[in-house]
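Each chain, written out:
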Amino acid sequence: MIELKSVSKGYDGHSVLRDINLTIPTGRFVVLVGGSGAGKTTLLKTINALIQPDRGTVSIDGVATHAIEPHALRRSIGYVFQDVGLFPHMTVAQNIGITPQLLGIDDAEIAERVEGLLKLVALPAGLALRLPSQLSGGQRQRVAVARALAAAPRIVLMDEPFGALDPVSRGKLADDYRTLHRHLGLTSVLVTHDVTEAVLLADRIVVLADGEIVADGVPGALLQGHEDPRVNALFDAPRRQERRIREVAGA
Amino acid sequence: MHDQLIQALRLLPDRLAWHVILSASALALACALSLPLAVLAYRHRGLRWPLLGFSSLVQTIPSLALLALFYPLLLGLSALTKTVLHHGFSALGYLPSLLALSLYAMLPLLRNTMAALDGIDPAVIEAARGVGMTAKQRLRLVELPLAAPVIMAGVRTASVWTIGAATLSTPIGQTSLGDYIFSGLQTENWIDVLVGVAASAVLALVVDQLLARVERGLGASGRAGRAGTRLGLGALAVVLALALSPLLIPAAGGGYVIGAKTFSEQYILAELTAQRLERARAHVARKLNLGSAVAYRALAAGDLDVYVDYSGTLWTNVLGRTDNPGREAVLKQLTAELKARDGVTVLGPLGFENAYALAMQRNTAMRLGIRSLIDLTLVAPSLRFGSDLEFTSRPEWASLQTAYGLKFGQIKQFEPTFMYRALEGGEADVITAFSSDGRIAADNLLVLPDPRGALPPYDAVVLISPKRAGDSRLIGALGPLIGKIDAETMRRANLSVDRDTNKVSPAEAARSLGDSIGLPR
């Protein structure tokens, strides 16, 4: 369970997160949506202490994260970066195996895990010795997901993980991840500005605007409409898509 | 010419080895200092400006001056450790060269390392934090490997600079390829100069190419990259071990260390001293091409055992005297005062003077009606004065100006060899000649008399270091030279080395000189 209590963060007098209270029960798939500058990524990074909040506490399974060494905390949480963030000088296998390596797991065990993870994210084993620059965009995203899962974390944080992909690979990868999430019993928190993607993936959607949570609910409920016009405006896109698809299909 | 080349090449292994050891250790020391400093400045931005400022400042000091400045500094330190720890160290040669060259190599290393670290994609650094690396792991696993190719480019620049600048360590007593260049320029032995220049250029090119290979290895990431990094680190360790080894060798190797300043007469007398000592079955080491002030201080500090200096030089530069009580009195007072002050023994005069004297082409002097320094004063404002590198900053020049009111139209400084050439070629009208120089007679020059005695006497005297003061083998070997070499004999020997045709090496000239004063071979 991830708990944020009264979390605030600001830069140069400008508030990015204002008094955030959020509880994410174990096993859920929560998607944070909002426009640019809404504070989604900042919120995500406070969970694994990449960003320290100015006020408030973040705790995981009842333990406050500021009481844990940041590097130890981060090794226990998978993280997929917005711009993939693979190490350009390391092979695919080295990238995937990095956190286990930091944890001191032996090489044979790491090799076995890498092999399994490549299978899990549906990449051919032959890619293991390639460098990130020798992969396609979709392959890189899959490697990033595999890396996030390598130390068998119970929580995975993802920042626009499928952003740079074409719609087909994007849908496929999102589906594959959703399956992994269920199989591995993960708690997943994903950030996206794409509400359609949020609707397809999430158990629960949290909408951020101007550093505050303005809506929090299951996708179906949010699609019905909301009192806050900012939330409504966001969910207008999937609603219109749905209407148009029905019209076209009906005609 | 063939013989000269063979003679030059015979000295190559020793000089090249020292050049490599010196350059490599200076580079290793510079890396060992610069890399951590650059990483520190990368973490703490406030350090960047002072670090880059300091290393840029060092770069603006001419390298020869930087090398020369380290000698007195280390001499002071050595004296301090001798009093405090009862264990001094040799401030001549290796150590000052190493430190000066290392400082010099720091700028490209610091600049490239900082730029390389700053140039890493911030997303990659955040990813390193995100996967759970500590700051140290981030540096070792991500930042340094990614910065390595640019850092290596800095190492390449630094190594080429260092190999070039290492030739300048010769005047502070470090054997290097610069020995060829300095003595070659003095004796107009162009083969020597070319051998020195070519050897250091080839060395620089080879090292640059090898490092380029390592750089490409580092650029190729993954497994090959890691192998490259390991190779580099291994090489660095080897180099450091090499760097420290010369310090383990006792400075004098148990033998006698003979010094010489940078001109032909000094080389010949050093060789003559060496031949006398070798005949007495003593081991000798030579430190030729020392700066004028370096030589005396090195002798007083015990880094040299014996060399020949000139009474007037010691009188004015060491004792700071400006009066001129006459040849005998100067010698007598000098002997007493050097002993009392520094424990240095003046074994005795060789018999000839090598005085500073102003000289002109004989026909120019006749045309202008100049017969002495008094006549010169009248026309000096329309004349060009060619001085050697030190004369105009010596007290003798001040006393000449006071005694005669000399004022030249223009003053230019030359290496002694080029000073004679300038007079011959008409670029200078008056020069600071040396009275024992063979070229005075050969070029038909007029040495202008000094009727007011402004210039002190310059008797060549054999000096012995404090720790060899009672050394009977040394005194026995050199005693027979005292009072035996007259000016004409010395001039002949000097000319045989300096002339354009039928040149002989200083060692051969020393043998002939020994024969002519009746010493057994």
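This section reports on the structure supplied with the text. Note that this is a predicted model, so its numbers are computed, not measured.

1. Notes on the pattern of salt bridges
Item 1. Counting across every chain of the model gives 38 salt bridges over all chains.
Item 2. Of the charged contacts, one joins A:D176 and A:R142 as a salt bridge, the two residues approaching to 3.1 Å between their closest N and O atoms. Of the two residues, A:D176 is situated in helix α7 (residues 167-184) and A:R142 in helix α6 (residues 137-149); the sequence distance between them amounts to 34 residues.
Item 3. Between B:R491 and B:E488 there is a salt bridge whose closest N-O contact spans 3.4 Å. With a gap of three residues between them, B:R491 and B:E488 both fall in helix α21 (residues 487-498), about one helical turn apart.
Item 4. With a relative accessible area of 24%, B:R491 lands in the partly exposed category.
Item 5. Ionic contacts of the salt-bridge type, sharing partners, join the residues B:D305, B:K467, B:R468 and B:D471 into one network.

2. Describing the sheet that holds strand β5 (residues 63-64) of chain A
Two pairing modes exist for strands in a sheet, parallel and antiparallel, and in both the strands are linked by backbone hydrogen bonds.
All names here are of chain A.
Item 1. If you trace the four strands from one edge of the open sheet to the other, you get β2-β1-β4-β5, paired in antiparallel fashion. Looking at the sheet topology across the chains shown, the edges are occupied by β2 (14-24) and β5.
Item 2. Note that strand β4 (residues 55-60) and β5 share two bridges and pair antiparallel. Note that in β5 the partner of S59 across the bridge is A64.

3. Remarks on the packing of aromatic side chains
Residues and elements named next belong to chain B.
Item 1. Enumeration according to the criterion identifies 14 aromatic pairs over all chains in this entry.
Item 2. Aromatic side chains W18 and Y94 sit 6.3 Å apart centroid to centroid with 65 degrees between the ring planes, which places their arrangement in the edge-to-face category. Of this pair, W18 sits in helix α2 (residues 12-43) while Y94 is found in helix α5 (residues 94-118), placing the two residues 76 residues apart along the sequence.
Item 3. Overall, W18 belongs to the partly exposed group, its relative accessible area being 22%.
Item 4. Centre to centre, the rings of F385 and F408 are 4.5 Å apart; their planes meet at 10 degrees, and the pair counts as stacked. A residue pair is termed long-range when its members are at least 10 positions apart, and F385 in strand β6 (residues 384-387) and F408 in the loop between α17 (395-404) and β7 (410-413) qualify at 23 residues.

4. Focus on empty space enclosed by the protein
Item 1. Scanning all chains against the criterion turns up five cavities of 30 Å³ or more.
Item 2. A volume near 90 Å³ is recorded for the largest cavity.
Item 3. In this structure, the largest cavity is lined by 13 residues; those nearest its centre are B:F263, B:S264, B:D437, B:R439 and B:D498.
Item 4. Contributing elements (two or more residues each) for the lining of the largest cavity: α11 (264-279), α18 (416-425) and α21 of chain B.
Item 5. Looking at the lining of the largest cavity, you find at least three residues from each of domain 2 (256-354 + 457-516) and domain 3 (356-447) of chain B.
Item 6. Considering only enclosed or pocket space, the second largest cavity measures out at about 80 Å³ in volume.
Item 7. Around the second largest cavity, the lining residues are A:R74, A:R75, A:I77, A:G78, A:Y79, A:T99, A:R147, A:A148, A:A151, A:P153, B:G130 and B:V131.
Item 8. Taken together, the elements giving at least two residues each to the lining of the second largest cavity come down to α2 (70-75), β6 (77-80) and α6 of chain A.
Item 9. Per-element accounting of the lining of the second largest cavity gives the leading share, three residues, to β6(A).
Item 10. Across the lining of the second largest cavity, the residue classes break down as six nonpolar, three polar and three charged.

5. Regarding the sheet that holds strand β10 (residues 212-217) of chain A
All names here are of chain A.
Item 1. The sheet built from six strands is open, its strands ordered β6-β7-β8-β3-β9-β10 with mixed pairing. Because the sheet does not close on itself, it has two edges, and the strands there are β6 and β10. Here the strands of the sheet are splayed against their neighbours by 15 degrees on average, with no regard to which way each runs.

What counts, and at which threshold
Residues numbered from 1 in each chain as written. Chains lettered and ligands numbered in written order. Predicted model: local features only at pLDDT ≥ 70, side-chain atom pairs only at ≥ 80, totals over all residues. Heavy atoms only, no water. Salt bridge = Lys/Arg side-chain N within 4 Å of Asp/Glu carboxyl O. Helix = DSSP H or I, 4+ residues; strand = E, 2+ residues; numbered from the N terminus. Buried < 20%, exposed > 50% of the residue type's maximum accessible area, 1.4 Å probe, protein only. Pairing = 2+ DSSP bridges. Phe/Tyr/Trp six-rings, centres within 6.5 Å; stacked < 30°, edge-to-face > 60°. 1 Å grid on protein atoms, 1.4 Å probe; cavity = no way out; pocket = protein on both sides within 12 Å on 5 of 7 lines; lining within 4 Å. Points joined across faces, edges and corners; volume = space filled by probe spheres on them. Domains from an automatic or database assignment. Nonpolar A, V, L, I, M, F, W, Y, C, P; charged D, E, K, R; others polar. Axes fitted to C-alpha atoms, helices over the stretch in contact; angles between N-to-C directions.

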